[in-house]
Amino acid sequence: MTDTRLGSKSPTLFRAFILCIALGLQACSTILPETYVPKRGQMGKDVMWLPTSDDLVYKMLEAAKVGSDDELVDLGAGDGKIPIAAAKQFGARAWGIEYNKELAALANRNAQRAGVASRVNIVHGDIFKEDFSKASVVTLYLLEELNAQLRPTLLNMKPGTRILSNTFSMGDWEPDEVIRVGNGTGYFWTVPAKVSGVWSVSGIDGKIPASLKLVQVHQRIGGILDHQGKQQTLLGARIHGNALHFSFVNSEGQLKSVKAQVKDDALTGEVVGPYGMLDIQPLPVNIEGRRQKD
């Protein structure tokens, strides 16, 4: 019986066959020439498409200290420029939401060309329907009225989440930083913990707990410290993410500073100071607090 298996009588033919298969697989993995090119100013669902300059992208991501531990989401991802830069230049995992199906596909092809397809994915979807609550960095280039619609969702994200917007602000939620590059402007916010209310805090000035009343508008806070019937306005009060800071004058007339971490209805931290030329610098005093229920 004659052996008809390929290569049994013609090694050259067999090698040529394998080479053809390899070339075919390589051709399949090669991105086809781009046929879709978005037009500057083309209209989408709610906004027109305008690219962000490379310099502004870099400066915004730099301001937010984006790094390899971050998950970045770009709302209205367009051609994928920001997620690709976050992955390629800052090492982040990144994804985006794009309503235009062709733009979303283009963005994924751009990520593949940039060599970051394993860390970048652009989904075809609606920014008001997709869940991006686990992101640690959110970027957007939308109109101010759309920012206003998204603001409640953004403010309900995990404290410390960083928000970046190209061109458009967030109304009375003033930015932590304004980023200017040439004719471009970006805005940077950090989502603050919610600290409004009355807190009972032990260890703040002696053994008797103090009452701490805080009021808040976004990251701006004010408050009153009530200890043993004596009330005083807090000095330098601020909230940055989960970090609460304020100063007060203790019962001995010394300026003390509080640094605490807030998590839901609990806070833990320390009292430090007074500062200055002292023979012996006092050790920090630990404090704990609970928010009182209405």
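Keep in mind the model is a prediction, meaning the values are calculated, not measured.

### A word on the sheet that holds strand β5 (residues 162-166)
Strand order in this open sheet of seven strands is β3-β2-β1-β4-β5-β7-β6, and the pairing throughout is mixed. Every interior strand has two partners, whereas the edge strands, β3 (120-124) and β6 (177-181), have only one. Here the average twist between neighbouring strands, direction ignored, is 20 degrees. As paired elements, strand β4 (residues 137-140) and β5 share four bridges and run parallel to each other.

### Notes on the confidence of the model for the protein
The predicted model of the protein has a mean per-residue pLDDT of 86, with 81% of residues at 70 or higher. A low-confidence stretch, residues 1-9 (pLDDT under 50), is modelled with seven contacts involving residues beyond four sequence positions or located in other chains. In this model residues 16-29 is a low-confidence stretch, pLDDT under 50, and it forms two contacts with partners more than four residues away in sequence or in other chains.

### Some points on helix α4 (residues 101-113)
Side chains that are three or four residues apart share a direction in an α-helix, a result of its 3.6 residues per turn. Here α4 spans 19 Å end to end across 13 residues, near enough to the 18 Å set by a 1.5 Å rise per residue. Three or more residues of α4 are buried, namely Leu103, Ala104, Leu106, Ala107 and Ala111. Around the axis of α4, the buried residues are gathered within 160 degrees of arc, so they sit on the same side. On its buried side, α4 packs onto α3 (81-90), β2 (93-98) and β3.

### A short note on the nonpolar core
Proteins that are soluble and globular tend to have nonpolar side chains buried together. If you look at the biggest cluster of nonpolar residues, it comprises 28 residues, and the most contacted ones within it are Leu61, Val66, Leu72, Val120, Leu164 and Ile179. Among the secondary structure elements, those contributing two or more residues to this core are α2 (54-63), α3, α4, β3 and β6. With six residues, α3 is the single largest residue contributor to this core. With residues up to four places along the chain from it excluded, the contact list for Leu72 reads Leu61, Ile82, Pro83, Ala86, Arg93, Ala94, Trp95, Val137 and Thr139. Within the second largest apolar cluster, 22 residues are counted, among which are Ala193, Trp199, Val201 and Ile221.

### Re the pairing of strand β1 (residues 71-75)
Taking burial as the measure, the five residues of β1 include four buried ones, the bulk of the element. In this structure, β1 lies alongside β2, joined through five bridges in parallel fashion. Bridging from a neighbouring strand, Glu71 pairs with Arg93 of β2. Where the polypeptide runs from β1 across α3 and back to β2, its parallel neighbour, the crossover connection is right-handed. Here β1 pairs with β4 via four bridges, running parallel. Looking at β4, one finds that Leu75 is bridged to Leu140.

### Let's talk about the packing of aromatic side chains
With the rule as written, the count across this model stands at three aromatic pairs. Plain terms: the ring middles of Tyr58 and Phe90 are 5.2 Å apart, the flat faces sit at 40 degrees to each other, and that makes the pair tilted. Taken as a pair, Tyr58 in helix α2 and Phe90 in helix α3 lie far apart in primary sequence, 32 residues in all. Using a relative accessible area of 33% as the deciding quantity, one classes Tyr58 as partly exposed. Their ring planes at 40 degrees and their centres at 5.7 Å tell us that Trp173 and Trp189 sit as a pair that is tilted. Residue Trp173 is found in the loop between β5 and β6, and its partner Trp189 is found in strand β7 (residues 184-190); the two are separated by 16 residues along the sequence. Taken together, the aromatic side chains of Trp173, Tyr187 and Trp189 make up a single cluster linked through ring pairs.

How each quantity is defined
Residues numbered from 1 in each chain as written. Predicted model: local features only at pLDDT ≥ 70, side-chain atom pairs only at ≥ 80, totals over all residues. Heavy atoms only, no water. Pairing = 2+ DSSP bridges. Helix = DSSP H or I, 4+ residues; strand = E, 2+ residues; numbered from the N terminus. Axes fitted to C-alpha atoms, helices over the stretch in contact; angles between N-to-C directions. pLDDT = per-residue confidence, 0-100. Contact = heavy atoms within 4.5 Å. Expected span 1.5 Å × (residues − 1). Buried < 20%, exposed > 50% of the residue type's maximum accessible area, 1.4 Å probe, protein only. Arc of directions from axis to C-beta. Core = buried A, V, L, I, M, F, W, Y, C linked by side-chain atoms within 4.5 Å. Right-handed = clockwise from strand over helix to strand, strands pointing away. Phe/Tyr/Trp six-rings, centres within 6.5 Å; stacked < 30°, edge-to-face > 60°.

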